[in-house]
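One letter stands for each residue in the lines below.
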Amino acid sequence: MFLKGIATSLIVVILCFLIPSLAADGGLNLPAPQNLSVHSTNMKHILIWSPVTVHGKSANYSVEFQGEYERYYSGHTWIPTSWCSSISSPQCNVTDDITATVAYNLRVRATLGKKISAWSTLERFFNRNSTVLTPPKMKVCVDGYHLIVEMEDMGPSFEYQLMYWKKGHDSKVVNKTLREGGTRTHLETMESGAEYCVRAQTVVEVIERRSDFNQVDCVRVPDEFLPLTLTLVSFAGFLVTLVTLPLLVWKMNQIFRYSCCPEVVLPNTLRIKDSPQKLINCKMEEIEFCDTTVRVLSPEDLFRAWIQEAL
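Summarised in this report is the structure supplied together with it. (Residues numbered from 1 in each chain as written. Predicted model: local features only at pLDDT ≥ 70, side-chain atom pairs only at ≥ 80, totals over all residues. Heavy atoms only, no water.)

### Concerning the side chain of His-45
Working step 1: Take His-45: it is sitting in strand β2 (residues 44-50).
Working step 2: Engagement of the side chain of His-45 in a polar contact is seen with the side chain of Ser-40, the distance being 2.7 Å.
Working step 3: Leaving out residues up to four positions away in the same chain, His-45 has contacts with Val-38, His-39, Ser-40, Cys-92, Asn-93, Val-94, Thr-95, Ile-98, Phe-126, Arg-128 and Thr-131. (Helix = DSSP H or I, 4+ residues; strand = E, 2+ residues; numbered from the N terminus. Polar contact = N/O pair within 3.5 Å; in protein donor to acceptor, adjacent residues only side chain to side chain. Contact = heavy atoms within 4.5 Å.)

### Brief notes about the sheet that holds strand β7 (residues 91-93)
Working step 1: As summarised here, the arrangement of the 3 strands in space is β1-β2-β7, forming an open sheet in which the pairing is antiparallel. Here the strands that pair on one side only, and so sit at the sheet edges, are β1 (34-41) and β7. The mean angle between the axes of side-by-side strands here comes to 15°, regardless of whether they run parallel or antiparallel.
Working step 2: Where β1 lies against β2, 6 bridges are found, and the strand directions are antiparallel. In the sheet register, Gln-34 faces β2, and the bridge partner there is Ser-50. (Pairing = 2+ DSSP bridges. Axes fitted to C-alpha atoms, helices over the stretch in contact; angles between N-to-C directions.)

### Considering the state of the cysteines
Working step 1: Within this structure, the stated rule accounts for 2 disulfides.
Working step 2: Note on cysteine connectivity: Cys-197 is disulfide-linked to Cys-218, with sulfurs 2.0 Å apart. Where Cys-197 bonds to Cys-218 through sulfur, the torsion about that S-S bond is close to 105°, and the disulfide is right-handed. Residue Cys-197 is found in strand β16 (residues 195-204), and its partner Cys-218 is found in strand β18 (residues 217-220); the two are separated by 21 residues along the sequence.
Working step 3: When its relative accessible area of 3% is taken as the criterion, Cys-197 is described as buried.
Working step 4: According to the relative accessible area criterion, Cys-218 is partly exposed, its value standing at 29%. (Disulfide = S-S within 2.5 Å. Buried < 20%, exposed > 50% of the residue type's maximum accessible area, 1.4 Å probe, protein only.)

So this is what it looks like as structure tokens:
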């Protein structure tokens, strides 16, 4: 008993000298991170906390988690997170570590050089079924007479519940479930001239929850007679152009011809009715026959010859 008492006294003395020594060396005097909370939206879980700064220097952080199994069946052990070991940012994406719909505890500590802070834990356990689910983004379009929808890809845990109907027939709503997003999906062959409306919500089966519906998006199919009418009008215009173009070219040719090179017509008083041979003066005493060569006279010469003959 005496030896046991001496040993106990020695341990107490050693601890009394060792703890102040560790504090002097700065081993555990770094402030612990504060204000831990988990922000979770659409099954993405982010642990955040207030940053730790000492003398203008920012600390690094390490994060660990503990599920129900570790808490109750594995000796209250903690497991390091997948992506948050000695990180500089005061936040950690723990989505890959939260794999079951049970209560999780999370803790974080700061390190700066040789200084290490105490662990800080969440005030309340986190369960992924508390995540905030938002309505999905979607794109509705018409391809010919086909109603097409494309949902955003929100992750492998998400399905999409769609409702669509022909406007004016709201009681005949069709429900359809899409197993994945990011691809174009054919919903229905549409009627000509009709308007169709679509809305959707996200469904997460692992937590048995679903989001609100997004806003209704409506599209209309073009009337089938409109393209036919446009085709007939275009064809008729082509035929009219084909017929009138040659006539227009001929008419323009005539206009330019008579405008630039008009045809001169002599008045009746200047026209010669008798044979031109009378105007040829052949001297029978000098030549035995008339020159058979025909000389073309200008209008002035013809007029002069006609005057002389008349006199």
